[in-house]
Amino acid sequence: MSKFACLLVFSWLLIFCQGFIQPAIAASADLKLIELETFPAASAINLSTLAADKPLYIKLWATWCQPCIEQMPHFQALYQAYGDKVNFVAVNIDINEKAEEIAAVIQRFGLTMPVWLDTSGQLAGTLGLVGTPYSVLLNSAGQQVYSSHESDKALDGLVQRLAQGQQLPVASSDNISSAEQQRFTAPYLQGEHYLFFTATWCDWYLAESRPAMAAHCKTAQQGLNALAAKATDAGWMGIVNHLWTDDSALAEFNAQYKMAIPFNIDSQGVLFQHFNVRNIPALLKVKDGMVLTEISDFTDPAAVLQQLKQAK
C-alpha cells in the first residue's frame, strides 16, 4: 500500500474512532481568549470578538492539505447559507505556510468568511486536532458539540440545527491535563538539549503540493545522524508532529532513515506549542528550557554545526 493510501486509511480510522473518543474540549472562556492572528493584516484577535449570541463553526486547515482544498467550496457554501446565524472562521494551522499560498486559496475559492492564523498552535491543541481538515462546531454557549474530518450531510444537518437555535448536546471531553503537559515539557526545562522537530509525512505528503519543502525535509532527515554524531555536547531527541501520525508511521520513519537518535510523537502538539515551532524541519538548542538557537536551513552541515557551537 502506498504512503498516501496509508494516510487516507489512517484518516478514515481517525474519523471512525471519533464517534467513540471525542477530542479535547476547553472551557469556553479559555477557548475564546486564545490569541490568534488575522489574515492578511496580522493583527491579534480571539474568538471573544465574534457575536456572543451565535454558535460557531471553526475549520482548521492548511494550504498544502489536499482534502482541505477539496472541502473549501462546501465550506464557502455553508457560510453563504448560514453566515448570518452562525459565526464562521477559517483557521489556518500555520505550519510550513506562506502568506501568498493562503491568499491564493482565498482568491481561488472566493472565501468571504474571516481567515485567521493559529500562530502558536494553542487553538489546535485545545480543540484536539489530530489531522486537517478539521471542522469543529460550538453552540452559542461556547460548548463544543461536534467535530469531524469530513464535510458531509451530517455536518450540514448540525450546522442547520445550530442556525435554527438548537444548542445540541455537549461532546464528552478527553482533554490533556496541565499536569500531563508539564510531564512532557519537564525533561527539557533543565540542562542542554538538541530537539529536532519534523513530521513522518513531510518528505512525501508535501512532495506534490510543496516539493521544495518536501526535499528540504528529506535532506535534513538524511543528514541528522551525521549531525548528531558531531554535536555531542548535549543530548538529542527527535520530535515528530502528532498530525496524521501513529506508532506504525513513526516506526516506518525510523526504519527509512535509520535514525540513531530517539524519536517520539508529540502528544497533542504540546512540545510544538511550548517551543512555538511553526516550520519543519527545525533544530532547537535548548538550555534550561530556553531556546538558544533555532535552525531551519540544513543545506550546509558545516554552517549548522558552527551555529550550534556558537549558541551559548
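Note that the coordinates shown come from a computational prediction; the quantities given were computed from them, not determined experimentally. (Residues numbered from 1 in each chain as written. Predicted model: local features only at pLDDT ≥ 70, side-chain atom pairs only at ≥ 80, totals over all residues. Heavy atoms only, no water.)

Per the secondary structure count, the chain includes 13 helices and twelve strands. Buried residues in the chain amount to 50% of all 312 residues. By sequence separation, contacts in the chain at least 24 residues apart represent 74% of the contacts at least 6 residues apart. By element, 54% of the accessible surface of the chain is carried by carbon and sulfur atoms, the whole surface being about 14,100 Å². (Helix = DSSP H or I, 4+ residues; strand = E, 2+ residues; numbered from the N terminus. Buried < 20%, exposed > 50% of the residue type's maximum accessible area, 1.4 Å probe, protein only. Contact = heavy atoms within 4.5 Å. Areas by Shrake-Rupley, 256 points an atom, 1.4 Å probe, with all protein chains shown as cover.)

With respect to the secondary-structure elements, D118 resides in the loop between β5 (115-117) and α5 (122-126). Buried within the structure, D118 lacks any salt-bridge partner; its nearest side chain of opposite charge belongs to R278, at an N-O separation of 5.3 Å. When sequence neighbours within four positions are dropped, the list of residues in contact with D118 reads L36, V91, N92, I93, D94, L123, A124 and R278. (Lys, Arg positive; Asp, Glu negative; His and termini not counted. Salt bridge = Lys/Arg side-chain N within 4 Å of Asp/Glu carboxyl O.)

This part is about the state of the cysteines. Counting across every chain of the model gives two disulfides. Once the disulfide-bonded cysteines of the chain are ranked by sequence position, their pairing pattern turns out to be 1-2, 3-4. (Disulfide = S-S within 2.5 Å.)

The tally for this structure, following the rule as stated, stands at four salt bridges. A salt bridge links E101 to R210, with the shortest nitrogen-to-oxygen separation between them at 3.3 Å. Taken together, the residues E101 in helix α4 (residues 99-109) and R210 in the loop between α8 (206-209) and α9 (211-222) connect sequence positions 109 residues apart.

Before going further, it helps to examine the pairing of strand β6 (residues 134-138). With five of five residues buried, β6 is to be regarded as a mostly interior element. Across the two faces of β6 the burial is the same, with Y134, V136 and L138 and S135 and L137 all buried. Looking at chain direction, strand β3 (residues 56-61) and β6 are connected through five bridges and run antiparallel. Bridge pairing in β6 places Y57 opposite L137. Taking the residues that link successive antiparallel strands as the turn, the β6-strand β7 (residues 144-148) hairpin has five residues, and the phi of G142 there is positive, at about 80°. (Pairing = 2+ DSSP bridges.)

The next point concerns the nonpolar core. I58, W64, L123, F197 and W201 are the most contacted members of the largest nonpolar core, which has 75 residues in total. Discounting residues that sit within four places of it in the chain, L123 has contacts with L31, I34, L36, L47, I58, L60, V91 and D118. Core analysis: the next-biggest nonpolar cluster, separate from the first, contains 21 residues, L224, L250, F298 and L308 among them. (Core = buried A, V, L, I, M, F, W, Y, C linked by side-chain atoms within 4.5 Å.)

As a further point, take the confidence of the model for the chain. Across the chain, the average pLDDT comes to 90, with 89% of residues at or above 70. Every residue in residues 4-27 is under pLDDT 50, and counting partners more than four places away or in other chains gives 51 contacts. (pLDDT = per-residue confidence, 0-100.)

Let us now look at the pairing of strand β11 (residues 282-287). With five of six residues buried, β11 lies mostly within the body of the structure. Across five bridges, the pairing between β11 and strand β12 (residues 290-295) is antiparallel. The residue of β12 that forms the bridge with V286 is V291. Count of turn residues in the β11/β12 antiparallel hairpin: two residues, of which D288 carries a positive phi of about 50°.

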